[in-house]
Amino acid sequence: MRNILELTCPELEEAVQAMGHQSFRARQLWQWLWRKGVREFSAMTNLARDFREQLMREWALDWPEVHEVQTSSDGTVKLLLRLADGALVETVLIPDKERYTQCLSCQIGCPMGCTFCSTGLMGFSRNMTGGEIAAQVLVARDYLRAHGLGDEVKNLVYMGMGEPLTNWDEVRRSLQILSNAEGLEFSRRRITLSTCAIKGKMDVFGIEGLALPAISLHAPTQEIRESLMPGAARWPIEELIAALQGMELKARERVTIEYILIKGVNDSLQHARQLVRLLSHLKCKINLIAYNPGPGIEYAAPAPGDVLAFEELLRKKGFTVTLRKSKGQDIAAACGQLKTEAQGRMNSTTSKEGPNDGTA
Ligand code: SF4
């Protein structure tokens, strides 16, 4: 049976009408699914019993299951979720005062092969569906409520496993679901879509306007980008920056440039000067992130002094810079780490059976 969470709101309306009911029933149903976050049709008490029974016969209502949880001393919570086909995927809740920013995944594994990223090392298994992507928020809200942590996921960032622009159709569906005013109601300003930028696909930000762009640049030169991000670097860095300069943004919006500082690779003052030259004509703000090393990856975290010197040079040159504190360092909070660890544990305890999502 098809999972009802896969439908966008207009599709749900059509489906409800095809079942012989008026469209306002679809609105009520949508609110149960996406605003109240009810997991059983039987709990939808303002729907007629006949309708609820029909829904139970014709539709599944499947949430991802929480497979494993890690909680950091700084309050960061990482959930490893099991999808209906057994695939494992991560989502992270990052606290900010009483609220949380949730980092969403959009693929099982990733096709981009960034060499500093645990997910990149897994390879690509499959795209997530729009419903699976959006349902991560339902699970997170439920987790926060059940553990007395409030229930507010304030902001969303598509910065977990996967490259959103290589799964755009399903990512777009998830954005339509998450932004619907009768449901979770995330506005464009509360959703950031982080991408390493794919040639020919960047116009989605201007045309569709469902999320704010953040570009994972991570390198000041083509050569360094090729070594860190071989998939993304197929689009030469100068062309990428030129395309960003032409990107349509609303008044006062700027492109966010994400830059992970990695010891000895891209964190020197010379790299900072190269970055200044590269971005000198782009309306942007720069988000620096100190690398959080993962198991089996040779790169290391930068020295705190080098991070501060890099940041200061950019500021002196007139850039708006934020230094994102690396949260959850005592858990496997960087993208793909928990899944890699959990998969290793499962493999060592399940005799010769391979991983169930194909990502060895
Ligand atoms: S950093 Fe992002 S795009 Fe690169 S491999 Fe990891 S998940 Fe994919």
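Definitions and cut-offs
- Residues numbered from 1 in each chain as written.
- Predicted model: local features only at pLDDT ≥ 70, side-chain atom pairs only at ≥ 80, totals over all residues.
- Heavy atoms only, no water.
- Salt bridge = Lys/Arg side-chain N within 4 Å of Asp/Glu carboxyl O.
- Helix = DSSP H or I, 4+ residues; strand = E, 2+ residues; numbered from the N terminus.
- Buried < 20%, exposed > 50% of the residue type's maximum accessible area, 1.4 Å probe, protein only.
- Near = heavy atom within 4 Å.
- Nonpolar A, V, L, I, M, F, W, Y, C, P; charged D, E, K, R; others polar.
- Polar contact = N/O pair within 3.5 Å; in protein donor to acceptor, adjacent residues only side chain to side chain.
- Pairing = 2+ DSSP bridges.
- Axes fitted to C-alpha atoms, helices over the stretch in contact; angles between N-to-C directions.
- Lys, Arg positive; Asp, Glu negative; His and termini not counted.
- 1 Å grid on protein atoms, 1.4 Å probe; cavity = no way out; pocket = protein on both sides within 12 Å on 5 of 7 lines; lining within 4 Å.
- Points joined across faces, edges and corners; volume = space filled by probe spheres on them.
- Core = buried A, V, L, I, M, F, W, Y, C linked by side-chain atoms within 4.5 Å.
- Domains from an automatic or database assignment.
- Contact = heavy atoms within 4.5 Å.
- UniProt positions renumbered as here; feature names shortened; annotations may be inferred.

Asks: How do you make sense of the pattern of salt bridges when you look at a structure like this?
Replies: Opposite charge on two side chains makes pairing possible when the charged atoms of those side chains draw close. Here the structure, examined in full by the defined rule, presents 13 salt bridges. We note a salt bridge from Lys316 to Glu312, for which the minimum N-O separation is 3.2 Å. Of this pair, Lys316 and Glu312 both sit in helix H11 (residues 304-316), 4 residues apart, which is roughly one turn of that helix. For Glu312, a relative accessible area of 44% puts it in the partly exposed group.

Asks: I tried to follow the site of the ligand on my own but got confused; where do I start?
Replies: Cys110, Cys114, Cys117, Gly120 and Gly162 are the nearest of the 10 residues found near the ligand. The residue makeup of the shell around the ligand, split by class, is 6 nonpolar, 4 polar and no charged.

Asks: How should helix H10 (residues 269-279) be read in this particular structure?
Replies: For an α-helix, 3.6 residues make a turn, and residues three or four places apart therefore share a direction. Buried residues of H10: His271, Ala272, Gln274, Leu275, Val276, Leu278 and Leu279, and no others. Two or three places before Gln270, at the opening of H10, Ser268 has a side-chain oxygen 3.3 Å from that residue's backbone nitrogen.

Asks: Please explain the sheet that holds strand E12 (residues 320-324) as it appears in this structure.
Replies: Strands pair in a sheet through their backbones, by hydrogen bonds, and they do so in one of two ways: parallel or antiparallel. Strand order in the open sheet formed by 10 strands is E1-E2-E3-E4-E7-E8-E9-E10-E11-E12, with mixed pairing between adjacent strands. The outermost strands of the open sheet, each flanked by one partner alone, are strand E1 (65-71) and E12. Taken over all neighbouring pairs, the strand axes of this sheet differ in orientation by 25° on average, direction set aside. The pairing of strand E11 (residues 284-290) with E12 spans 5 bridges and is classified as parallel. Looking at the pairing, Ile286 lines up with Val321 of E12.

Asks: Got a minute to help me understand the side chain of Asp267 in this structure?
Replies: Position of Asp267 among the secondary structure elements: in the loop between strand E10 (255-261) and H10. Among buried charged residues, Asp267 stands out as having no salt bridge; its nearest opposite-charge side chain is Lys263, 6.2 Å away. Polar side-chain contacts of Asp267 include one of 3.0 Å to the backbone nitrogen of Gly264.

Asks: In this structure, what is going on with empty space enclosed by the protein? I would like to understand it.
Replies: Where empty space is left becomes clear once a probe the size of a water molecule has been rolled over the atoms. Taken as a whole and assessed by the stated rule, the structure comprises 1 cavity of 30 Å³ or more. As a volume, the largest cavity reaches approximately 30 Å³. Contributing to the lining of the largest cavity are Lys36, Gly37, Trp63, Leu138, Arg141, Asp142 and Arg145. In the lining of the largest cavity, the residues fall into 2 nonpolar, 1 polar and 4 charged.

Asks: Can you help me understand the nonpolar core in this one?
Replies: Taken as a class, soluble globular proteins show a tendency for nonpolar side chains to be buried jointly. Of all hydrophobic cores here, the largest spans 111 residues; its most connected members are Ile4, Leu29, Phe116, Ile257 and Leu279. No other element matches the 9 residues that helix H5 (residues 130-146) contributes to this core. In terms of domain composition, this core takes at least three residues from each of domain 1 (4-58) and domain 2 (65-349). What Leu29 contacts, discounting residues up to four positions off in sequence, is Ile4, Leu12, Val16, Phe41, Met44, Leu47, Phe51 and Leu55.

Asks: Would you mind showing me how to read unusual backbone geometry here?
Replies: Peptide bonds are trans in most cases, and residues, glycine excluded, mostly fall at negative phi. Residue Glu185 is not a glycine yet carries a positive backbone phi of 60°. Position of Glu185 among the secondary structure elements: in the loop between helix H6 (168-179) and strand E8 (191-195). Note on Glu185: relative accessible area 42%, which makes it partly exposed. Residues other than glycine seldom take positive phi values, yet His218 does so here, at roughly 65°. Checked against the element boundaries, His218 lands in the loop between strand E9 (212-216) and helix H8 (222-228).

Asks: Any chance you could explain the UniProt feature "binding site: S-adenosyl-L-methionine" (unreviewed entry) in the protein here in plain terms?
Replies: Per the UniProt entry, the sites bearing "binding site: S-adenosyl-L-methionine" (unreviewed entry) are Gly162, Glu163, Ser194, Ser216, Leu217, His218 and Asn292 in this numbering. Secondary-structure assignment places Glu163 in the loop between strand E7 (153-158) and H6. Residue Glu163 is classed as buried on the basis of its relative accessible area of 3%. Sequence-distant contacts of Glu163, that is, excluding residues within four places in its chain, are made with Cys106, Gln107, Cys110, Met112, Thr195, Cys196, Ala197 and Ile198. Turning to its location among the elements, Asn292 is positioned in the loop between E11 and H11.

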